[in-house]
Amino acid sequence: MDNDRSHDNLKEQDYLKDMPNHEFDEAVNTMQSSIQDEIAASTDLLGDKLDISMLKNEYSADDVQYQKKIQNLEKRYSHVRKTRGDGNCFFRAFGFGYLEHMLSDKKDYPIFQENASNSFQKLMDLKYPSFTVEDFFENFISVVNSVKEGVSHTELLNTFREEGMSNYFVVYLRLITSCQLQSDSDFYQNFIDGGKTLVEFCKTEVEPMYLESDHIHIIALTSALGACVRVAYMDRGGDDLSFHDFPEDSQPTLHLLYRPGHYDVLYPR
Amino acid sequence: MSSIATTRIQRELKDIKESNNQSIKIELKSDEFNNLRGEIVGPSGTPYQDGMYKLSIKIPETYPFNPPIVSFDTRIWHPNISSVTGAICLDILKDQWAAALTLRTVLLSLQALLSAAEPDDPQDAVVAKQYKDNQKAFVKTARFWAQYYANAPGPRDTDCVEKLRKASEMGFYKDISLQALSTHSWDLENAIQYLTSC
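Keep in mind it's a predicted model, so treat the numbers as computed, not measured.

Cut-offs used in this document
Residues numbered from 1 in each chain as written. Chains lettered and ligands numbered in written order. Predicted model: local features only at pLDDT ≥ 70, side-chain atom pairs only at ≥ 80, totals over all residues. Heavy atoms only, no water. Helix = DSSP H or I, 4+ residues; strand = E, 2+ residues; numbered from the N terminus. Buried < 20%, exposed > 50% of the residue type's maximum accessible area, 1.4 Å probe, protein only. Contact = heavy atoms within 4.5 Å. Lys, Arg positive; Asp, Glu negative; His and termini not counted. Charge placed at Lys NZ, Arg CZ, Asp CG, Glu CD. pLDDT = per-residue confidence, 0-100. Patch = residues over 30% accessible without salt bridge, like charges linked within 9 Å, V, L, I, M, F, W, Y side chains within 5 Å. Areas by Shrake-Rupley, 256 points an atom, 1.4 Å probe, with all protein chains shown as cover. Salt bridge = Lys/Arg side-chain N within 4 Å of Asp/Glu carboxyl O. Phe/Tyr/Trp six-rings, centres within 6.5 Å; stacked < 30°, edge-to-face > 60°. Lys NZ or Arg CZ within 6 Å of the ring centre and 35° of its normal. UniProt positions renumbered as here; feature names shortened; annotations may be inferred. Buried area = accessible area lost by both parts, 1.4 Å probe. Polar contact = N/O pair within 3.5 Å; in protein donor to acceptor, adjacent residues only side chain to side chain. Nonpolar A, V, L, I, M, F, W, Y, C, P; charged D, E, K, R; others polar. Axes fitted to C-alpha atoms, helices over the stretch in contact; angles between N-to-C directions. Parallel < 35°, antiparallel > 145°, perpendicular 65-115°, else oblique. Left-handed = near helix turned anticlockwise from the far one by under 90°. Core = buried A, V, L, I, M, F, W, Y, C linked by side-chain atoms within 4.5 Å. Pairing = 2+ DSSP bridges.

We now examine the overall build of chain B. Along its length, chain B carries seven helices and four strands. Listing each helix as α and each strand as β along chain B from the N terminus yields α-β-β-β-β-α-α-α-α-α-α. Expressed as a percentage of its 198 residues, the buried residues of chain B come to 49%. Contacts in chain B between residues far apart in sequence, at least 24 positions, make up 53% of those at least 6 positions apart. If you average the places of the 22 positive and of the 24 negative side-chain charges in chain B, the two averages end up 4 Å apart.

Structure follows, in C-alpha cells:
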C-alpha cells in the first residue's frame, strides 16, 4: 500500500511541475489539506493510553535497530499515548500530558499556574492585539484552573479531544512560546539560522498552526512555564535511545517520545 | 458553521465597527457568518489612491485556526493579485496565517500590499513582468484600472481612453479590450493582433 501511495505522489509531482506559479501554490495547498484530512480521519487528536509494547508492531520484526530501542524504552516506560501528526503534536502532547500529570501530583501546579497567569500581560507588553489574545488566554487559563478545581480525567481528555477547545489551547501555547523567544531574544537569536530575525522566526515558525516544533520551541515553552520535560529520542542515529531534559539537570514531570517529526506522551513505570 | 468560528466573527465585526477606521469595511453578505463582504480604500501615494475595492471573504469551518479565503471582486492591476480572477498572493492568507490575526489585520495587510508590491512573488506573472520591465506603463495601467473599475477620482489618461475606444469600436468587449491593451503596455497594434488571434 505504501508503494502505491509513493507512486501516486510521483505522478502528482510530475503533474505539478509544469504549472504556473499561483496554480502550483493552489495545487500544493489542496494536496496539503487533503493529506491533513486523511491524517485527521485516521487518528484522534489524542489517543488512548496504550501498552508500550504495541510500538513493536509499527516496525518490521527484522528492524533490529528500532526493535532494540523499543525494548529499552519498555524497561523505563509502561504506556504511550499517541497524538495526531498534524504539526501541533508537541504542543498538544505537552498541554495534555502536563495537566494530566498535575491532576494526580499537584507539586508543580502553583508555579505552572502563576506563569500561565502572567503570560497574558507579557504578551500585552509585546503589543499583541488584546482582542484576539484575550480570547485564547481566557480559554487556556480556564482549562489550567480546572485542574485545581478537580476536573475529572475524562473531562480533561475530552477537552483535548474536542477540536476547537484543543486548538485554542495549542494556539495559546504557541503564543507563550513566541513571547518567551522574543522576551529573551539575545539568547535565542543564536539558535536561528537562515538570517531571520527572532520576530520573523516567531511569525513564520512558531505562531502559525500546524508547523512542527524544534528544540528551540521546547526550550522556550518549558522555561516560560517553569515546566520540566524529558524527551526520549528514537531515531536512526546510534544504537540506543538518547534522552534530553528541558531544562537540563531538572527532575522531569512529563515524558515525551520523539520519533522524527512527531511527539507522543510516555508514562514511566 | 462551528460555534467557535461564528462567535469569533461576531466579535470581529463588533471590533471593526468600534475601531472607526474609515478606509476598511467588513459586513455580512446575508445571515450567514461564513460569507462576508469587505471593502478597502486604495492608499494615497499609489496608483490605487481613493479607489474602492470590494473583497469577497469566505470563512472556513475551521476559522480562526485556518485563514479566511479572500479575493478581490473589484478588478485590479497589481503583481500580487490576479487581474483575471482577483486571487491574492499574500503570506498571511496562506502558510503564515496565525489564529491571533483577524480580518481587520488581513485588510490592513492588503492595503500595505497595494502600497508595496512584491513582484518577485507574483500572483499575476504578466503584471509582475510589466512592473519590473516597464514601471511607467505599469503605473499608467494600474491608475487607469483604479479609475475604470474602482471609481478612483481624477482625469483619465487620454491615451488610454482613446485606445480603449478604438478597440471597442472594432467590436471587442471593453473588459477584454482593456485586458489586452494592458497586457501589451498600450501598444494598440499588438493588442488588436492578440484580440483577433483568440
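Let us now look at the confidence of the model for chain B. Residue and element names in this part refer to chain B. For chain B, the mean per-residue pLDDT works out to 94, and 99% of the residues sit at or above 70. Within chain B, no element has a lower average pLDDT than helix H1 (residues 3-19), which sits at 90, and none a higher one than helix H4 (residues 135-150), at 98. Under the prediction, the complex receives an ipTM of 0.82, its pTM being 0.86.

Quick look at a negative patch on the surface now. Side chains of Asp91, Asp95, Glu118 and Asp121 of chain B sit close together on the surface and give a patch of like negative charge. For Asp121 of chain B, the location among the structural elements is in the loop between helix H2 (103-115) and helix H3 (125-133).

Taken as a whole and judged by the stated rule, the model has 28 aromatic pairs over all chains. Ring geometry for Tyr53 of chain B against Phe72 of chain B: centres 6.0 Å apart, planes inclined by 75 degrees, an arrangement best described as edge-to-face. With Tyr53 of chain B in strand E3 (residues 52-58) and Phe72 of chain B in strand E4 (residues 69-72), this residue pair connects regions lying 19 residues apart in the sequence. The exposure classification of Tyr53 of chain B matches that of Phe72 of chain B, with both residues buried. The ring centre of Tyr267 of chain A lies 4.3 Å from the NZ or CZ of Lys49 of chain A, which sits over that ring. The ring of Tyr66 of chain A has Arg236 of chain A lying over it, and the distance from NZ or CZ to the ring centre is 4.0 Å.

Quick look at the UniProt feature "domain: UBC core" (unreviewed entry) in chain B now. In the numbering used here, UniProt assigns the feature "domain: UBC core" (unreviewed entry) to residues 4-151 of chain B. In this annotation, residues 4-151 of chain B is assigned 36% helix and 16% strand; the end-to-end C-alpha distance for the span is 37 Å.

Another point: the UniProt feature "domain: OTU" (unreviewed entry) in chain A. Under the present numbering, the feature "domain: OTU" (unreviewed entry) in UniProt falls on residues 78-269 of chain A. Secondary structure across residues 78-269 of chain A divides into 55% helix and 15% strand, with the first and last C-alpha atoms of the span separated by 5 Å.

The next thing to look at is the interface of chain A and chain B. Residue-level contacts link 22 residues of chain A with 20 residues of chain B. When chain A packs against chain B, close to 1700 Å² is buried across both sides, 61% of that on carbon and sulfur atoms. There are one salt bridge connecting chain A and chain B. With its nearest N and O atoms 3.3 Å apart, the salt bridge here joins Arg11 of chain B to Asp135 of chain A. Our count for the contact surface shared by chain A and chain B stands at four residue pairs in polar contact (both at pLDDT 80 or more). Breaking the side of chain A that touches chain B down by element, the ones donating at least two residues are helix H2 (21-42), helix H6 (130-148), helix H8 (163-183) and helix H10 (198-206) of chain A. The element that contributes the greatest number of residues to the side of chain A that touches chain B is H8 of chain A, accounting for six residues. Tallied by class, the residues present in the side of chain A that touches chain B amount to ten nonpolar, seven polar and five charged.

Residues and elements named next belong to chain A. The interhelical angle for the contact between helix H4 (residues 89-104) and H6, taken along N-to-C directions, is 20 degrees, at an axis separation of 9 Å. As the angle between them shows, H4 and H6 are arranged roughly parallel. Handedness of the crossing formed by H4 with H6: right-handed. For the pair H4 and H6, the contacting residues are Leu99, Met102 and Leu103 in the first and Val143, Val144 and Val147 in the second. The residue makeup of the contact of H4 with H6, split by class, is six nonpolar, no polar and no charged.

All names here are of chain A. Membership of the largest hydrophobic core comes to 59 residues, with the highest contact counts inside it found for Phe94, Leu99, Phe140, Tyr172, Leu173 and Leu256. Sort the elements by how many residues they give to this core and H4 lands first, with ten residues. Those residues in contact with Leu256 that sit more than four places away from it in its chain are Phe90, Ala93, Val229, Arg230, Val231, Ala232, Tyr263, Asp264, Val265 and Leu266.

To continue, consider the sheet that holds strand E1 (residues 46-51) of chain A. Residues and elements named next belong to chain A. Pairing is mixed in the open sheet, where six strands are placed in the order E1-E2-E6-E5-E3-E4. Both edges of this open sheet fall to E1 and strand E4 (242-246), since each of them pairs with a single strand only. Pairs of neighbouring strands in the sheet enclose a mean axial angle of 30 degrees, with direction left out of account. Bridging between strand E5 (residues 254-259) and strand E6 (residues 262-268) involves five bridges; their strand directions are antiparallel.

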